[in-house]
Amino acid sequence: EAQVTQNPRYLITVTGKKLTVTCSQNMNHEYMSWYRQDPGLGLRQIYYSMNVEVTDKGDVPEGYKVSRKEKRNFPLILESPSPNQTSLYFCASSLYGGSDYGYTFGSGTRLTVV
Amino acid sequence: RKEVEQDPGPFNVPEGATVAFNCTYSNSASQSFFWYRQDCRKEPKLLMSVYSSGNEDGRFTAQLNRASQYISLLIRDSKLSDSATYLCVVNSLYNFNKFYFGSGTKLNVKP
């Protein structure tokens, strides 16, 4: 089944404790992206990647890092999480940037930083 | 000004009603347009792409008006299962790396 898999689905952590949210897609998509969704603010792009070893900042990159060492994986790293990073996170992939096919999203990761 | 704007709703309609949502976008160079559906606490799922000539998928019709820079979604014969938030998404020709999401319009279909 074609899908984007995120883990974990739920995570509660403490301020400052480094964490990684994994994202993997099995569709051979070139383009991958991370979003966060907050009430009233909609989906905001954190980082995106056009292909392996090519990453770039989205609209809200502060406090996050990403890497794209393999085509299928695009982990999101929070080096020192803070409470304002409490949010619902989605990984998404697309055949390529600007694709008419739109995105396929992962099931989301609900992160709480206390 | 936001790239994509939507009326947040909620739109409360009875089963069987016809309902329409509009979404305006600010960048005239926008190239690709989509409607996504998002159920509560779930991931957005692609409902349909929006083509220049308009397109239909069953009870759903999408239209694009480039002159006025808006897209619309029409749902006919609403079902209870259509209750969800509908997100408008726009992709720019000049920055095709970015998809801009509206904040969504909430639809409640009542029995």
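Each value, and the rule that gives it
Residues numbered from 1 in each chain as written. Chains lettered and ligands numbered in written order. Predicted model: local features only at pLDDT ≥ 70, side-chain atom pairs only at ≥ 80, totals over all residues. Heavy atoms only, no water. Pairing = 2+ DSSP bridges. Helix = DSSP H or I, 4+ residues; strand = E, 2+ residues; numbered from the N terminus. Contact = heavy atoms within 4.5 Å. Buried area = accessible area lost by both parts, 1.4 Å probe. Salt bridge = Lys/Arg side-chain N within 4 Å of Asp/Glu carboxyl O. Polar contact = N/O pair within 3.5 Å; in protein donor to acceptor, adjacent residues only side chain to side chain. Axes fitted to C-alpha atoms, helices over the stretch in contact; angles between N-to-C directions.

Chemist: Give me the sheet that holds strand 1 (residues 4-7) of chain A: which residues, what numbers.
Modeler: Adjacent strands of a sheet form backbone hydrogen bonds with each other and so pair up, either parallel or antiparallel. All names here are of chain A. Taken in spatial order, the four strands make up an open sheet running 1-3-8-7, and their pairing is antiparallel. Only two strands of the sheet have a single partner each, and these edge strands are strand 1 and strand 7 (65-66). Bridge analysis of strand 3 (residues 19-25) against strand 8 (residues 76-78) gives three bridges, and the strand direction is antiparallel. Bridge assignment links Leu19 to a residue of strand 8, and that residue is Leu78.

Chemist: Go over the interface of chain A and chain B with me, naming the residues and quoting the values.
Modeler: Facing 25 residues of chain A, the contacting portion of chain B comprises 19 residues. Summed over both partners, the interface of chain A with chain B comes to about 1,700 Å²; 51% of that surface belongs to carbon and sulfur atoms. Across the chain A-chain B interface, the total number found is zero salt bridges. Inspection of the chain A/chain B interface yields three residue pairs in polar contact (both at pLDDT 80 or more). Mapped by element, the contributors of at least two residues to the side of chain A that touches chain B are strand 4 (31-38), strand 5 (42-51) and strand 9 (87-94) of chain A.

Chemist: Break down the sheet that holds strand 3 (residues 19-25) of chain B for me, with residues and values.
Modeler: All names here are of chain B. The sheet built from five strands is open, its strands ordered 1-3-8-7-6 with antiparallel pairing. Edge strands, defined here as strands with exactly one partner in the open sheet, are strand 1 (4-6) and strand 6 (55-57). Here the average twist between neighbouring strands, direction ignored, is 20°. Here six bridges tie strand 7 (residues 60-65) to strand 8 (residues 70-75), and the two strands are oriented antiparallel to one another. Along strand 8, the bridge assignment pairs Leu64 with Ile71.

Geometric values such as these leave the question of function open.
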